[in-house]
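Structure assessment
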Number of protein chains: 2
Amino acid sequence: MDTQVLPVAWKDLIQNQRWEELRGRLATTHSSDIAELMVQLPPKEEAILFRLLSRDQAAQVFSYLPGDRQEELIRSLSSDEMKSLLDHMPPDDRTQLLGEMPPAVTRQLLQILSPAELKDARQLLGYPEHSVGRYMTPDYVAIGPEMTASEALEHIRKVGRGKETLDVVYILDESGKLLEDVRLGSLVLADPRTMVTAIADPPLVSLVASDDRERALEQFEKYDRVALPVSDALGNMLGIVTVDDILDIAESEATEDIQKLGGSEALDAPYMQVGLLSMIRKRGGWLSALFLGEMLTATAMSFFEGEIARAVVLALFVPLIISSGGNSGSQASSLIIRALALRELKLRDWFRVFGREFVSGLALGFMLGVIGFFRIIIWQHFHLTNYGEHYLLLAFTVWASLIGVVMFGTLAGSMLPFILRRLGFDPAASSAPFVATLVDVTGLCIYFLVALLILRGTLL
Amino acid sequence: MDTQVLPVAWKDLIQNQRWEELRGRLATTHSSDIAELMVQLPPKEEAILFRLLSRDQAAQVFSYLPGDRQEELIRSLSSDEMKSLLDHMPPDDRTQLLGEMPPAVTRQLLQILSPAELKDARQLLGYPEHSVGRYMTPDYVAIGPEMTASEALEHIRKVGRGKETLDVVYILDESGKLLEDVRLGSLVLADPRTMVTAIADPPLVSLVASDDRERALEQFEKYDRVALPVSDALGNMLGIVTVDDILDIAESEATEDIQKLGGSEALDAPYMQVGLLSMIRKRGGWLSALFLGEMLTATAMSFFEGEIARAVVLALFVPLIISSGGNSGSQASSLIIRALALRELKLRDWFRVFGREFVSGLALGFMLGVIGFFRIIIWQHFHLTNYGEHYLLLAFTVWASLIGVVMFGTLAGSMLPFILRRLGFDPAASSAPFVATLVDVTGLCIYFLVALLILRGTLL
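Residues numbered from 1 in each chain as written. Chains lettered and ligands numbered in written order. Predicted model: local features only at pLDDT ≥ 70, side-chain atom pairs only at ≥ 80, totals over all residues. Heavy atoms only, no water.

1. Here we look at empty space enclosed by the protein
Over the atoms, a rolled probe matching the size of one water molecule traces out where space is still vacant. The full count for this structure, using the stated rule, is three cavities of 30 Å³ or more. A volume near 220 Å³ is recorded for the largest cavity. Lining the largest cavity are 24 residues, with Asn327(A), Ala436(A), Gly326(B), Asn327(B) and Ala436(B) sitting closest to its centre. Taken together, the elements giving at least two residues each to the lining of the largest cavity come down to α19 (318-341) and α22 (432-455) of chain A together with α19 (318-341) and α22 (432-455) of chain B. A per-class count over the lining of the largest cavity returns ten nonpolar, ten polar and four charged. (1 Å grid on protein atoms, 1.4 Å probe; cavity = no way out; pocket = protein on both sides within 12 Å on 5 of 7 lines; lining within 4 Å. Points joined across faces, edges and corners; volume = space filled by probe spheres on them. Helix = DSSP H or I, 4+ residues; strand = E, 2+ residues; numbered from the N terminus. Nonpolar A, V, L, I, M, F, W, Y, C, P; charged D, E, K, R; others polar.)

Listed below in structure tokens is the structure:
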């Protein structure tokens with residue numbers, strides 16, 4: 001279905017007030033597509049369309065809307081409409097909603113919830129942001145260890161309607177402790193008289209509500225599940241986390257890393273939905289910090305002002321040399337940050353990485369050095385630029401500096417993520433610009449010191 | 001379970017040849033954990049352990065092993081062992097395996113497959129890399145549109161054993177055309193006499209085998225499914241893709257983007273598994289290309305050699321100014337690349353982004369410019385550096401250049417991903433180092449032109 005073409009046809013139906021036809025088409029359209037459509041409609045038409053949806057569908061469509069649209073819609077709904085909406089939302093989406101609205105709206109929403117729903121929402125909201133507790137739903141089916149397969153299926157038929165998923169059900173003891181999980185498919189396939197405990201496929205994989213969401217992601221990836229049970233520290237079952245939330249988590253974790261890697265704070269919202277001011281603030285902070293760090297280059301350069309005055313030709317290669325260090329540093333840090341995030345590398349691997357990067361840095365530096373060397377020789381030879389009588393020494397200076405600068409860049413870029421992780425920070429904070437800044441200052445010093453060594457007595 | 005502590009206990013059991021005890025422990029350990037353990041064992045012990053596994057478990061453990069370990073193990077297995085292994089692997093894992101091995105090994109493997117398996121594997125292998133066809137498994141349950149819920153459950157009981165998932169089953173017509181999908185949970189909940197077609201929850205969401213895997217990811221995210229059906233262009237059902245593969249795809253897409261963003265080719269394998277030579281090649285290519293681009297800075301600088309000779313003080317701020325442009329460019333490009341990858345932004349949004357980035361760039365440039373301005377004033381005032389009598393004009397030069405350079409960096413960084421996508425390239429190729437290189441050359445020109453404008457008649 002091409003959503004680019006839809007709005008016109010729908011608008012037509014809305015403007016001509018053909019409600020019955022609209023209702024019919026809505027009933028056979030996926031909630032996710034309706035949400036996508038509504039975002040493109042003006043608020044008034046959006047509200048009309050929303051009121052044509054069945055209650056269940058309305059709750060689903062609402063879950064798919066972006067945060068600002070949800071807020072807008074909430075303000076336009078009556079208390080009764082709002083109540084019906086909340087009643088029909090899955091508990092985890094409801095929690096997400098309450099966690100994201102401005103406090104005043106949240107208070108208003110909480111007043112409308114029934115005591116039982118309030119308990120759910122409060123319970124889910126009690127967990128810190130990015131913890132598994134925030135993503136769980138208490139909407140699962142529990143069965144007893146004394147049941148047979150056919151009893152379990154009977155029980156599921158009784159209580160299963162409206163649960164978020166039936167793909168996996170959970171065996172709890174009388175006190176509510178989680179014993180095993182059983183796939184619905186296994187229950188269906190099993191001999192009806194088999195005990196459910198014999199159908200379960202151990203070992204049990206479960207999460208604790210206070211776990212970080214990254215651990216949830218790790219477990220889902222490792223064990224290929226569609227839902228995982230969540231318990232408290234004592235093993236009492238609290239809820240489940242489903243794989244659709246995990247997919248969202250995987251995306252946001254990667255987004256955060258990419259944004260940090262680019263040298264800005266994580267935006268925490270889609271690009272277009274971040275206000276311009278808040279965008280400038282999130283980017284300006286890091287940019288200013290980097291700028292302050294980069295000021296050291298001016299200081300470093302002023303140390304060598306005398307050398308530059310004597311041999312202006314040295315200044316020509318400053319950008320080339322420091323940027324090569326920055327580029328090799330960016331490469332190394334982005335590779336290592338991702339490998340750490342995917343747990344391909346652990347902290348204790350730092351030394352092996354150091355060895356690999358040392359060799360890589362040497363090889364890459366040598367390679368760039370050779371290109372730089374011949375650049376000077378060739379330009380001089382063909383009179384494209386005149387680097388003076390000592391051009392050969394200058395070429396050697398550039399060659400040797402590049403080896404040093406690229407190797408330092410590679411090592412700094414690869415070790416910094418390890419150091420940050422060791423200190424308890426996010427490795428992704430060792431962004432490309434951060435590494436580049438670090439390497440720029442050092443690169444300048446390496447370059448001018450090599451120059452002093454090679455050119456003393458000739459150019460310097 | 002702490003896998004760091006395991007190996008010692010397991011090694012003990014292996015060295016003391018306590019096979020029965022080992023077999024017992026293996027039977028209650030998750031295949032994923034066994035694979036993790038095996039990777040840490042020397043090849044001989046790995047092979048022993050592998051032979052203690054039941055056939056089903058062996059196939060599962062094998063699926064979890066990294067590519068190089070799989071290859072090693074295959075070489076050590078007899079034809080019969082290999083055949084049993086392949087027999088027990090899910091078809092999609094088998095395909096993945098065949099696609100990844102060196103051609104000689106693949107041929108050897110294909111010879112061992114039974115004609116039916118060979119058909120499966122060949123069929124899956126016929127699809128291009130990164131297409132949905134590569135990830136699908138023909139291991140699903142099909143039911144007829146004329147069945148009732150209880151007939152469907154009966155059918156599932158007959159044919160469901162060993163299928164990759166039973167969570168969703170598929171209604172096909174007699175010719176094999178995909179009509180609807182039905183969740184097993186809905187079948188269980190429904191009145192046994194209901195027709196399956198009445199239980200299906202339209203609209204049907206499905207993939208085409210030739211679709212790019214990114215589309216699969218998009219559909220899974222949008223519709224919150226655990227499995228999606230795959231059909232050919234004519235609507236004939238070919239197989240299903242399950243969410244565990246999609247989670248892997250989401251991770252590898254993000255990894256590729258992060259690695260490209262850091263300015264190297266995508267590694268296509270975990271960091272430690274990439275050979276040193278191939279690592280250097282993958283990084284050296286881009287690094288050399290960037291170096292060649294960066295050489296233009298030396299050319300640009302040589303245009304202004306005269307100005308530098310007259311006012312060496314100008315050279316001091318070159319690294320500071322060009323790196324500010326590079327940093328703001330990296331920020332912008334990483335934000336935009338991610339937003340494009342997540343489809344938060346579409347090509348047609350480029351102009352709105354241009355507007356936002358113009359304002360952001362102006363604001364950020366102004367901010368950095370002010371910091372730079374006061375840096376010069378303060379250093380001069382406290383005699384930390386002597387910038388000469390025209391220090392105020394120099395400060396203005398730095399301030400104005402920074403506005404220009406940061407704004408150019410921001411605009412180049414944000415527009416480049418759009419341009420690349422428009423031209424059919426991957427936006428992630430507009431890496432931080434690439435943008436930095438582009439901005440360095442332009443930044444130099446901006447800086448020296450501003451200097452000529454402001455300092456003519458005084459310093460210049």
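2. Side note on the sheet that holds strand β2 (residues 168-172) of chain A
Residues and elements named next belong to chain A. The mixed open sheet is built from three strands, whose spatial order is β1-β2-β3. Only two strands of the sheet have a single partner each, and these edge strands are β1 (142-143) and β3 (178-183). Here β2 pairs with β3 via five bridges, running antiparallel. In the strand pairing of β3, Leu 172 is matched with Leu 178. (Pairing = 2+ DSSP bridges.)

3. Overview of the pattern of salt bridges
In the structure shown here, the tally under the stated rule is 37 salt bridges over all chains. Linking Glu307(A) and Arg310(A) is a salt bridge whose minimum nitrogen-to-oxygen distance equals 3.7 Å. Taken together, the positions of Glu307(A) and Arg310(A), both in helix α17 (residues 305-310) and three residues apart, correspond to about one turn of that helix. The partner of Arg352(A) in a salt bridge is Asp349(A), and the shortest N-O contact between them spans 3.5 Å. Taking the relative accessible area as the measure of exposure, Arg352(A) reaches 52% and is therefore exposed. In this structure Asp349(A) comes out as buried when scored by relative accessible area, which is 11%. Connected through shared salt-bridge partners, Asp33(A), Glu36(A) and Lys222(B) make up one network. (Salt bridge = Lys/Arg side-chain N within 4 Å of Asp/Glu carboxyl O. Buried < 20%, exposed > 50% of the residue type's maximum accessible area, 1.4 Å probe, protein only.)

4. Thoughts on the sheet that holds strand β6 (residues 237-242) of chain A
All names here are of chain A. The mixed open sheet is built from three strands, whose spatial order is β4-β5-β6. A strand with exactly one partner marks an edge of an open sheet, and here the two such strands are β4 (207-208) and β6. Direction of pairing for β4 relative to strand β5 (residues 227-231): parallel, over a ladder of two bridges. From the neighbouring strand, Val 208 faces β5, where its bridge partner is Ser 231.

5. Description of the nonpolar core
With 78 residues, the main nonpolar core has Leu314(A), Phe317(A), Phe448(A), Leu314(B), Phe317(B) and Phe448(B) as its most contacted residues. Ignoring anything within four residues of it in the chain, the contact list for Phe448(B) reads Met301(B), Phe304(B), Ile308(B), Leu314(B) and Val318(B). Leu178(A), Met237(A), Leu228(B) and Val243(B) belong to the second largest nonpolar core, which has 58 residues in total. (Core = buried A, V, L, I, M, F, W, Y, C linked by side-chain atoms within 4.5 Å. Contact = heavy atoms within 4.5 Å.)

6. Observations concerning helix α14 (residues 213-223) of chain B
All names here are of chain B. Here α14 lies mainly inside the structure; eight of its eleven residues are buried. Among all positions of α14, only Arg 213, Ala 216, Leu 217, Gln 219, Phe 220, Glu 221, Lys 222 and Tyr 223 are buried. Capping of α14 at its N-terminal end is provided by Asp 212; its side-chain oxygen lies 2.9 Å from the backbone amide nitrogen of Glu 214. Downstream of α14 by a residue or two, Asp 224 has a phi angle that is positive, lying close to 50 degrees. (Polar contact = N/O pair within 3.5 Å; in protein donor to acceptor, adjacent residues only side chain to side chain.)

7. Overview of the relation of the copies chain B and chain A
After a rotation of 180 degrees and a shift along the axis of 0.1 Å, chain B superposes on chain A with an RMSD of 0.2 Å. Such a turn and shift between the copies fits a two-fold axis. Mapped onto chain A, 100% of the interface residues of chain B are again interface residues, and the two copies thus contact each other with one and the same surface. (Least-squares fit on C-alpha atoms with pLDDT ≥ 70 in both.)

8. Regarding the interface of chain B and chain A
In this assembly, 120 residues from chain B lie in contact with 120 residues from chain A. Both sides together, the interface formed by chain B and chain A hides about 10,700 Å², and carbon and sulfur atoms give 65% of it. By the criterion of area lost to chain A, the three top residues of chain B are Tyr271(B), Phe291(B) and Arg356(B), representing 8% of everything that side buries. Summed over the shared surface of chain B and chain A, the number is eight salt bridges. Here Asp167(A) and Arg183(B) are joined by a salt bridge, their closest N and O atoms 2.5 Å apart. For the side of chain B that touches chain A, the element with the highest residue contribution is helix α16 (residues 276-303) of chain B, accounting for 18 residues. Considered class by class, the residues forming the side of chain B that touches chain A number 63 nonpolar, 31 polar and 26 charged. (Buried area = accessible area lost by both parts, 1.4 Å probe.)

9. Side note on the packing of aromatic side chains
A complete count under the given rule lists 24 aromatic pairs over all chains for this structure. Arranged with centres 5.5 Å apart and planes meeting at 85 degrees, the rings of Phe373(A) and Phe374(A) form a pair that is edge-to-face. According to the relative accessible area criterion, Phe374(A) is partly exposed, its value standing at 43%. Three or more aromatic residues joined by ring pairs make a cluster, and in this case those are Phe366(A), Phe373(A), Phe374(A), Phe396(A) and Trp399(A). The ring of Tyr271(A) carries the charged tip of Arg356(B) above its face, separated from the ring centre by 4.9 Å. Positioned above the aromatic ring of Trp379(B) is the side chain of Arg375(B), whose terminal nitrogen or guanidinium carbon lies 3.9 Å from the ring centre. (Phe/Tyr/Trp six-rings, centres within 6.5 Å; stacked < 30°, edge-to-face > 60°. Lys NZ or Arg CZ within 6 Å of the ring centre and 35° of its normal.)

10. Side note on the environment of Asp87(A)
Here Asp87(A) is to be found in helix α7 (residues 79-87). Residues in contact with Asp87(A), not counting those within four places in the same chain, are Arg94(A) and Glu117(A).

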